[in-house]
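# A structural walkthrough
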Amino acid sequence: MSSLPTKYTVGDYLAERLAQIGIRHHFVVPGDYNLVLLDKLQANPNLTEVGCANELNCSLAAEGYARANGVSACVVTFSVGALSAFNGTGSAYAENLPLILISGSPNTNDASQFHLLHHTLGTTDYSYQLEMAKKITCCAVAVARAHEAPRLIDRAIRHALLARKPCYIEIPTNLSGAECVRPGPISAVTDPVTSDKAALEAAASCASEYLSGKLKPVILVGPKLRRAGDGAEQALIKLAEAMGCAVAVQPAAKGMFPEDHKQFVGIFWGTVSTDAADSIVHWADALLCVGTVFTDYSTVGWTAMPDIPLMAAEMDHVTFPGAHFSRVRLGEFLSHLATTVKFNNSTMIEYNRLKPDPVLVRTATPSDELTRKEISRQIQALLDSKTTLFVETGDSWFNGVQLKLPPGALFEIEMAWGHIGWSIPAAFGYALRHPDRKIIVMVGDGSFQVTAQEVSQMVRFNLPITIILINNRGYTIEVEIHDGSYNKIKNWNYALLVQAFNGEDGNAKGLTAKTAGELQDAIKAAEENTKGPTLIECSIDQDDCSRELITWGHFVAAANARPPRLPGI
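Note that the structure is predicted; figures quoted are calculated from it, not measured.

Okay, the overall build of the protein next. Broken down by element type, the protein carries 23 helices and 19 strands. The globule rule puts the C-alpha radius of gyration for 569 residues at 25 Å, and the 25 Å found for the protein is close to it. With respect to the principal axes defined by its C-alpha atoms, the protein has extents near 75 × 65 × 55 Å. Out of the 569 residues belonging to the protein, those deemed buried represent 57%. Taking the intrachain contacts of the protein between residues at least 6 apart in sequence as the baseline, contacts between residues at least 24 apart amount to 75%. Of the roughly 23200 Å² of accessible surface on the protein, 53% is carried by carbon and sulfur atoms. The positive charge centre, built from 48 side chains, and the negative charge centre, built from 59, are 5 Å apart in the protein.

Encoded structure:
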């Protein structure tokens, strides 16, 4: 602590708070309105600055870091930086991740002097960025005077941590170095809100009574389970075992319930479900939804909405037919309910009668042309307890969901926001927090072109990320929703591009595979490359996509094409 400043500035205060909440890497793109602030953040011995290629990538890298660390920080300049970073901030909001977006802003004197400034809209009103930020964060603050900075910074960070949503902090360029008080105890910011005891007991009691009157209960798990923290995933396992019922998960929650558990019945995704999960979910007469998110994508164009009343356990409340309980934390509710429910394994008995036989996967010969199925087969063999698999928006969603996760393996997907290109910077941010894990990215060629620059940061930080790039010459997911010439893209030499990021001192490898044997050799080379990323460009036929994507695309297209409803109808 001796290296920390004796006199605190606004920038020092922010840096110390970021370090105190567990952030060790902050993602930045410099601009003249944030340079002094960046100096202050650099001076904190517990923070490591991570420069990114652009603000879109910066925000998505911070989104990925928040998945691994629980909270992250992205620092950009005014307007030209922040408006681009709003994209990744929107992802963090939709995906329930506390990303702290920090933007430098003009000198406090400029507004009162009616100056027209660079990096603005060319007006003398600079408040537009704050107003925009309010729409995509749970709390947005702008520091106007140095003495207000501690209160506003603490307020924004606490809101983000409690809501599991992003926040926004705006600091003028001439206030980053202005003096302010030292931080008080961090517990004022980080102390959690626990369940109201009476509400918790009433919710568990009513839920137990409700379930006791049902014959065929099923648990459906959604992506908010992991975001809830507080041991919610472990509490779910205890509840599931106490109930004895079938447990299905939504695609965005893959891996949040162990896939080797005897009560796991697959991914519930309507007509593209795995392991007949849809059959048992639709057979149920009670559905306990734990952190679920029902969107047009997760319900296959609204065709997979459950048709029975739902008991919904959310991150901070519980709702089911005839009752609602506020201030009930998810982990505490699941743990409490586990002590009161009755054992009922009727859905598991039924599922064991209807579950499909294991699919026999043909192993291609080395000289066989590469196919989507062979790529998945070889990726499956790579997965182990230390693997985190990132699947990009597109057919990688459907291919990734079909894979079986061994115990300890993790799965990351951005289904709510669905930004193509997300996986490359997100995997980079994630890997900085978890260099001990084996990171594998499944990404299409169209998505890769959006954020390819961030591979250079993987090179810079010597991160051995394996990128499986499926090159089918276009936006295949869009083709299956609505085809057109706009879904065809210019082909790149992806393997050569990755090697260009090496410069004079990098260790990235770019490899190509057109046959099963070439992919096997490329994967072996990737495993041996421990000092940088390896991209394997897998060339497959343009029409080689999953049946699930085709089916899903048809239903989503139909949902998009619904005619306007007339008033009164």
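Structure shown, so let's carry the discussion forward.
Take the packing of aromatic side chains next. Per the stated rule, a full pass over the model turns up 16 aromatic pairs. Ring plane angle 40° and centroid distance 5.5 Å describe the contact between tyrosine 210 and phenylalanine 320, whose orientation is recorded as tilted. Of this pair, tyrosine 210 sits in helix H9 (residues 197–212) while phenylalanine 320 is found in strand S12 (residues 317–320), placing the two residues 110 residues apart along the sequence. Like tyrosine 210, the residue phenylalanine 320 is buried in the burial classification. Ring geometry for phenylalanine 390 versus tyrosine 430: centroids 5.3 Å apart, planes at 85°, classification edge-to-face. Of this pair, phenylalanine 390 sits in strand S14 (residues 387–391) while tyrosine 430 sits in helix H17 (residues 423–433), and the two are 40 residues apart along the sequence. For the residue pair phenylalanine 390 and tyrosine 430, the accessibility class agrees, reading buried in each case. Looking at lysine 165, its charged tip hangs above the ring of tyrosine 93, at a distance of 4.1 Å from the centre.

Glancing now at the environment of glutamine 380. Mapped onto the fold, glutamine 380 is located in helix H15 (residues 372–382). Taking the relative accessible area as the measure of exposure, glutamine 380 reaches 26% and is therefore partly exposed. Residues glutamine 380 and proline 406, spaced 26 residues apart in sequence, show a C-alpha to C-alpha distance of 9.6 Å. Setting aside residues up to four positions removed in sequence, glutamine 380 forms contacts with Leu403 and Lys404.

The next subject is the sheet that holds strand S4 (residues 99–105). Read across the open sheet, the 6 strands follow the order S2-S1-S3-S4-S6-S5; overall the sheet is parallel. Each edge of the sheet is formed by a strand with only one pairing partner; in this case those strands are strand S2 (48–51) and strand S5 (139–142). Strand-to-strand twist across the sheet, computed as the mean angle between neighbouring axes with direction ignored, equals 20°. Relative to strand S1 (residues 25–28), H17 is tilted by about 155°, and along the sheet it contacts S1 and S2.

So, about the UniProt feature "domain: Thiamine pyrophosphate enzyme N-terminal TPP-binding" (unreviewed entry) in the protein. UniProt feature "domain: Thiamine pyrophosphate enzyme N-terminal TPP-binding" (unreviewed entry): in the numbering of this structure it lies at residues 9–118. Taken as a whole, residues 9–118 contains 48% helix and 18% strand, while its terminal C-alpha atoms sit 26 Å from one another.

A regular strand places its side chains on the two faces of the sheet in alternate fashion. Within strand S17 (residues 466–471), 6 of the 6 residues are buried, which leaves it mostly tucked inside the rest of the structure. Of the two faces of S17, the one holding Thr466, Ile468 and Ile470 and the one holding Ile467, Leu469 and Asn471 are both buried throughout. As paired strands, S17 and strand S19 (residues 534–539) are joined by 6 bridges and run parallel to one another. Paired with threonine 466 across the two strands is threonine 534, which belongs to S19.

For the coordinates displayed, the defined rule picks out 17 salt bridges. One salt bridge connects arginine 67 with glutamate 63, and the closest N-O pair in it is separated by 2.9 Å. Here glutamate 63 and arginine 67 lie together in helix H3 (residues 55–69), a separation of 4 residues that amounts to about one turn. With a shortest N-O distance of 2.9 Å, lysine 404 and aspartate 275 are connected by a salt bridge. Of this pair, lysine 404 sits in the loop between helix H16 (395–402) and strand S15 (410–413) while aspartate 275 sits in the loop between strand S9 (264–267) and helix H12 (277–283), placing them 129 residues apart in sequence. The partly exposed category is assigned to lysine 404, whose relative accessible area is 42%. Taking relative accessible area as the criterion, aspartate 275 reaches 26% and is therefore assigned partly exposed. One salt-bridge network, in which partners are shared between bridges, spans Glu63, Arg67, Glu95 and Glu412.

Attention now goes to helix H4 (residues 82–94). For H4, spanning 13 residues, the distance from its first C-alpha to its last is 18 Å, which sits close to the expected 18 Å at 1.5 Å a residue. Taken as a whole, H4 carries its principal kink of about 30° at glycine 88. Regarding H4, the residues found buried are Ala82, Ala85, Phe86, Gly88, Thr89, Gly90, Ser91 and Ala92. Summarising the contacts, the buried residues of H4 are in contact with H3, strand S3 (72–76), S4 and helix H6 (128–134). At the C-terminal side of H4, asparagine 96 shows a positive phi close to 60°.

Across the 5 residues that make up strand S7 (residues 217–221), a large majority, 5, are buried. Burial along S7 is two-sided: Pro217, Ile219 and Val221 facing one way and Val218 and Leu220 facing the other are all buried. By the bridge criterion, 5 bridges tie S7 to strand S10 (residues 286–290) in an arrangement that is parallel. What sits directly across from isoleucine 219, in S10, is leucine 288. The pairing of S7 with strand S8 (residues 246–249) spans 4 bridges and is parallel.

Conventions adopted
Residues numbered from 1 in each chain as written. Predicted model: local features only at pLDDT ≥ 70, side-chain atom pairs only at ≥ 80, totals over all residues. Heavy atoms only, no water. Helix = DSSP H or I, 4+ residues; strand = E, 2+ residues; numbered from the N terminus. Rg over C-alpha atoms; globule rule 2.2 N^0.38 Å. Buried < 20%, exposed > 50% of the residue type's maximum accessible area, 1.4 Å probe, protein only. Contact = heavy atoms within 4.5 Å. Areas by Shrake-Rupley, 256 points an atom, 1.4 Å probe, with all protein chains shown as cover. Lys, Arg positive; Asp, Glu negative; His and termini not counted. Charge placed at Lys NZ, Arg CZ, Asp CG, Glu CD. Phe/Tyr/Trp six-rings, centres within 6.5 Å; stacked < 30°, edge-to-face > 60°. Lys NZ or Arg CZ within 6 Å of the ring centre and 35° of its normal. Pairing = 2+ DSSP bridges. Axes fitted to C-alpha atoms, helices over the stretch in contact; angles between N-to-C directions. UniProt positions renumbered as here; feature names shortened; annotations may be inferred. Salt bridge = Lys/Arg side-chain N within 4 Å of Asp/Glu carboxyl O. Expected span 1.5 Å × (residues − 1). Bend = angle between axes of the 7 residues up to and from the residue.

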